[in-house]
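Letter by letter, the chains look like this.
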Amino acid sequence: MTATTVALVPATERGERLGVKGPKALVPVNGVPLVVHAVRGLLAAGCVRRVVVAAPDTALDAVRAALTGLDASLVPGGDDPVARALDAALAEIPDTQYVLVHDLARALAPPEVIRAVADAVANSTPVVPVLPVTDTVKRVDDHDDITTTVDRDGLRVAQGPWGFTVEALRSGTRLPAATVPGHPAAMAITTAFDLTVASVLLADQP
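Just so we're clear, the structure is a prediction, and the values are computed from it rather than from any experiment. (Residues numbered from 1 in each chain as written. Predicted model: local features only at pLDDT ≥ 70, side-chain atom pairs only at ≥ 80, totals over all residues. Heavy atoms only, no water.)

1. With respect to the overall build of the protein
From N to C terminus, the protein includes six helices and twelve strands. Relative to the compact-globule value of 17 Å for 206 residues, the protein shows a C-alpha radius of gyration of 17 Å, a close match. Seen through its C-alpha atoms, the protein measures out along the principal axes to roughly 55 × 40 × 40 Å. For the protein, with 206 residues in total, the buried portion stands at 48%. Of the contacts formed within the protein by residues at least 6 apart in sequence, a portion of 70% connects residues at least 24 apart. Looking at the protein as shown, the accessible area adds up to about 10500 Å², and 53% of this sits on carbon and sulfur atoms. The distance from the centre of the 17 positive side-chain charges to the centre of the 23 negative ones in the protein is 3 Å. (Helix = DSSP H or I, 4+ residues; strand = E, 2+ residues; numbered from the N terminus. Rg over C-alpha atoms; globule rule 2.2 N^0.38 Å. Buried < 20%, exposed > 50% of the residue type's maximum accessible area, 1.4 Å probe, protein only. Contact = heavy atoms within 4.5 Å. Areas by Shrake-Rupley, 256 points an atom, 1.4 Å probe, with all protein chains shown as cover. Lys, Arg positive; Asp, Glu negative; His and termini not counted. Charge placed at Lys NZ, Arg CZ, Asp CG, Glu CD.)

2. Quick look at helix H4 (residues 111-120)
Each turn of an α-helix holds 3.6 residues, which means side chains three or four residues apart point in the same direction. Turning to H4, its buried residues are Val-113, Ile-114, Val-117, Ala-118 and Ala-120. Residues of H4 that are buried sit in contact with helix H1 (34-45), strand E6 (98-101), strand E7 (127-132), strand E11 (162-165) and strand E12 (178-181).

3. Comments concerning a negative patch on the surface
Residues Asp-141, Asp-142, Asp-144 and Asp-145 make up a contiguous surface patch of negative charge. Checked against the element boundaries, Asp-141 lands in the loop between strand E8 (138-140) and strand E9 (146-149). (Patch = residues over 30% accessible without salt bridge, like charges linked within 9 Å, V, L, I, M, F, W, Y side chains within 5 Å. Salt bridge = Lys/Arg side-chain N within 4 Å of Asp/Glu carboxyl O.)

4. Some details on H1
Over its twelve residues, H1 runs 17 Å from end to end, which matches the ideal 16 Å to within 8%, given 1.5 Å per residue. Counted residue by residue, H1 has nine buried out of twelve residues, so it is predominantly covered. Looking only at H1, the buried set comprises Leu-34, Val-35, Val-36, His-37, Ala-38, Val-39, Gly-41, Leu-42 and Ala-45. Immediately beyond the C-terminal end of H1, within one or two residues, lies Gly-46, with a positive phi of roughly 75 degrees. (Expected span 1.5 Å × (residues − 1).)

5. Digging into the packing of H1 against H4
At their nearest, the axes of H1 and H4 sit 8 Å apart, and the two run at 60 degrees to each other. With respect to H4, the axis of H1 lies oblique. In this structure, H1 crosses over H4, and the sense of that crossing is right-handed. Residues Gly-41, Leu-42, Ala-44 and Ala-45 of H1 pack against Pro-111, Ile-114 and Arg-115 of H4. (Axes fitted to C-alpha atoms, helices over the stretch in contact; angles between N-to-C directions. Parallel < 35°, antiparallel > 145°, perpendicular 65-115°, else oblique. Left-handed = near helix turned anticlockwise from the far one by under 90°.)

6. Focus: the pairing of E6
One face of the sheet, then the other: side chains in a regular strand alternate in exactly this way. Residue alternation in E6 divides its side chains into two sets, Tyr-98 and Leu-100 and Val-99 and Val-101, and both sets are buried. By the bridge criterion, four bridges tie E6 to E11 in an arrangement that is antiparallel. Paired with Val-101 across the strands is Trp-162, a residue of E11. (Pairing = 2+ DSSP bridges.)

So this is what it looks like as structure tokens:
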């Protein structure tokens, strides 16, 4: 698995929803940019041969500086950062079979979740880490009036990274996705509130 699995980090989003100007990749969580958290987690999992980050074209130098000392490649993201990163990964490692796509929103996914996806993708694609839905979910009508309670038994919260074969990722074909257990630390960091929660979680880690 290690010899043929690469990870892609599409990191071209901006940070406005987090309450920060500039690229989301450079938004710090406890002083460390999100993109660095994402790459460190992927490398710590021990199942990825190469990490390729697709950064905003206008922030390549800043992202490159943030990644100093980490074994990761950097490419301009352009209009399709996943495709750009995949092309770069395959240029470096042509025999790549499996690909993990790691969204910055899930930058704190623990290494064990990453390993679980990498292990499972050899048998099924795509693979998505998930958690059960614990909130009470209501369905509403056009006036926002509640009409019914949604049964949570068949609902899951999708996390990341997602695992694919190269062929499945390139084709873009919708396939039934297998699941592996996610982790609360792989929370989605999409708002300023999420950023605060993530900072607290990291501060509590030994």
